[in-house]
There are 2 protein chains.
Amino acid sequence: MPRNAAKPRETYHVGNLEPQLLIQAKRMLEEVGPTKISIRAIAEQLGVSATAVYYHFANKDELLSRLAATGFSELEFVLNQALAESTATTILKEVSLAYFRFAKRNPTMYQLMFGSEITQATLTPELERAREQAFQVLKRTIAQILDQEIHSKMVRITALSSWSHIHGMASLLIHQVIVLPETIDEEQLVENALQSLKHLFSLMP
Amino acid sequence: MPRNAAKPRETYHVGNLEPQLLIQAKRMLEEVGPTKISIRAIAEQLGVSATAVYYHFANKDELLSRLAATGFSELEFVLNQALAESTATTILKEVSLAYFRFAKRNPTMYQLMFGSEITQATLTPELERAREQAFQVLKRTIAQILDQEIHSKMVRITALSSWSHIHGMASLLIHQVIVLPETIDEEQLVENALQSLKHLFSLMP
DNA sequence: ACCTGAACACCGTTCAAGT
DNA sequence: ACCTGAACACCGTTCAAGT
């Protein structure tokens, strides 16, 4: 018995199967997580044979890469939004908070985007572009704060370092390596994380 | 044909299968990565039936958890070593560097330790303890720098934040989200990452 | 151009049975 | 106490064939 009611089609041809596969894949990702997502199950849920998938995607890796790419586009969007709405003094906190919120609200997608399921062997150009564009927003943010050229080495390493910080927090929380009380205020948490590091570094040479 | 020559035993009984399974699992982890590790293959390589594994481990999750726990113990060890060998002015850099090096030298183990393969459903007490002990070293490091009680809230959030930073860097590099030149000096990289954040935060309110 | 069915080589896990 | 064999319900992927 299938875990989900198959919806049998009347027509042999589906029409626009490709986008439907991505939509269903996303749904399944949210339900079962990045490790248990399955091509056969996705196909079955759409009432289509498993092999139909292979007409539209080279393999599972490519489908997942395409899916992850949409995640990076969404992330880029929310970061750009935060950047646009922030003032000079709050810019780092606002962008970091937007990043953190995206991760917390889309944990399975975030795991897919940064996890081991997507091998770099099959890295789609589309995925690499989407990733790079999201990182660009972080670079713009940092360039603005530092008041330096976006292509400078200084901006690059600082953006990388700042990205690491917020990505690390998101990652540790999502994987439950650290557990915080349910009631915690996300804004306070990000603010505290930034301030505590500021203080720590002020003590260093 | 098996991908690895099975070594048939003469005796029915193996003796100490449990540790051997963990050793072989580690070997396989390093060869094929955390997503492709397989109980059947591990058993076959030891010349033992796949079901023998289930006498020693409840399931795959438990085996992987036990394996990950050894990773956290090793990490704890190298962190402690760095902490012991560092001076007051270099302590943060030294511990961060030790952490970063562990991740770079054991990428598949690191992926397993922080990835999606281990569900929190089957989180072994052993794994939780090992994790917590590694984190304790980071806390001790921070407590020393801040010159505060190790159990204070301030130490906790700062250690968490600092851990996020270095874990984020390791994670982004291992997953090839960012690619650095082969020739890069790890010590310089960590130093630059710390310094760039110090400067960034100095510009914030 | 787009999809199916059968087949292959894998999985993790169970259960009764063997030593 | 420790291990095996057969069986079940899954996978991803290929290939020839159908519409």
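Participant: Looking at this structure, I do not really get the interface of chain A and chain B. What am I missing?
Facilitator: Size of an interface, as often reported, equals the accessible area lost when the parts are brought together. Listed by partner, the interface residues are 50 residues for chain A and 50 residues for chain B. Taken together, both faces of the contact between chain A and chain B bury some 4600 Å²; the carbon and sulfur share is 69%. Linking chain A with chain B are zero salt bridges. Between chain A and chain B we count 22 residue pairs in polar contact (both at pLDDT 80 or more) in total. Elements with a contribution of two residues or more to the side of chain A that touches chain B: α6 (107-114), α7 (125-146), α8 (153-174) and α9 (186-202) of chain A. Here the element with the most residues in the side of chain A that touches chain B is α8(A); it accounts for 15 residues. Residues of the side of chain A that touches chain B, tallied by class, amount to 25 nonpolar, 21 polar and four charged.

Participant: Would you mind showing me how to read the pattern of salt bridges here?
Facilitator: It is possible for side chains of opposite charge to pair when their charged atoms get near one another. Summed over all chains, the structure comprises 16 salt bridges over all chains. With a shortest N-O distance of 3.6 Å, K93(A) and E191(A) are connected by a salt bridge. Within this pair, whereas K93(A) is found in helix α5 (residues 91-105), its partner E191(A) is found in helix α9, the two being separated by 98 residues in sequence. One salt bridge connects R66(B) with E126(B), and the closest N-O pair in it is separated by 2.9 Å. Of this pair, R66(B) sits in helix α4 (residues 60-85) while E126(B) sits in helix α7 (residues 125-146); the two residues are 60 residues apart in sequence, bridging distant segments of the chain. Through salt bridges that share partners, R101(A), K104(A), R105(A) and E186(A) make up one connected network.

Participant: Where do I start with the packing of aromatic side chains in this structure?
Facilitator: Within a pair of aromatic rings, the relevant descriptors are the distance that separates the centres and the angle that separates the planes. With the rule as written, the count across this model stands at 11 aromatic pairs over all chains. Taken together, a centroid distance of 5.4 Å and an interplanar angle of 65° make the contact between F72(B) and F114(B) edge-to-face. With F72(B) in helix α4 and F114(B) in helix α6 (residues 107-114), the pair connects residues that are 42 residues apart, well separated along the chain. Residue classification places F72(B) among the buried residues on the basis of a relative accessible area of 1%. Exposure remark for F114(B): the relative accessible area of 6% places this residue in the buried category. Here the aromatic cluster, defined as three or more aromatic residues joined through ring pairs, consists of F72(A), Y99(A), Y110(A), F114(A), F135(A) and W163(A).

Participant: Sorry if this is basic, but what is going on with the environment of Q136(A) here?
Facilitator: Residue and element names in this part refer to chain A. Inspection of the secondary structure assignment puts Q136 in helix α7. Judged by its relative accessible area of 23%, Q136 falls in the partly exposed class. Placed 14 residues apart in sequence, Q136 and I150 show a C-alpha to C-alpha distance of 8.9 Å.

Participant: What is the right way to look at α7(B) in this model?
Facilitator: The periodicity of an α-helix, 3.6 residues per turn, causes residues three or four places apart in sequence to face the same way. For α7(B), built from 22 residues, the straight-helix expectation of 32 Å at 1.5 Å per residue is met to within 8% by its first-to-last C-alpha distance of 31 Å. At the C-terminal side of α7(B), D147(B) shows a positive phi close to 55°.

Participant: Sorry, what's going on with the relation of the copies chain A and chain B here?
Facilitator: In screw terms, the move from chain A to chain B is a rotation of 180° and a rise of 0.0 Å along the axis, fitting with an RMSD of 0.0 Å. The symmetry that links the two subunits is that of a two-fold axis. Comparing contact sets, 100% of the residues at the interface of chain A also lie at the interface in chain B, consistent with an isologous, same-surface contact.

Cut-offs used in this document
Residues numbered from 1 in each chain as written. Chains lettered and ligands numbered in written order. Predicted model: local features only at pLDDT ≥ 70, side-chain atom pairs only at ≥ 80, totals over all residues. Heavy atoms only, no water. Contact = heavy atoms within 4.5 Å. Buried area = accessible area lost by both parts, 1.4 Å probe. Salt bridge = Lys/Arg side-chain N within 4 Å of Asp/Glu carboxyl O. Polar contact = N/O pair within 3.5 Å; in protein donor to acceptor, adjacent residues only side chain to side chain. Helix = DSSP H or I, 4+ residues; strand = E, 2+ residues; numbered from the N terminus. Nonpolar A, V, L, I, M, F, W, Y, C, P; charged D, E, K, R; others polar. Phe/Tyr/Trp six-rings, centres within 6.5 Å; stacked < 30°, edge-to-face > 60°. Buried < 20%, exposed > 50% of the residue type's maximum accessible area, 1.4 Å probe, protein only. Expected span 1.5 Å × (residues − 1). Least-squares fit on C-alpha atoms with pLDDT ≥ 70 in both.

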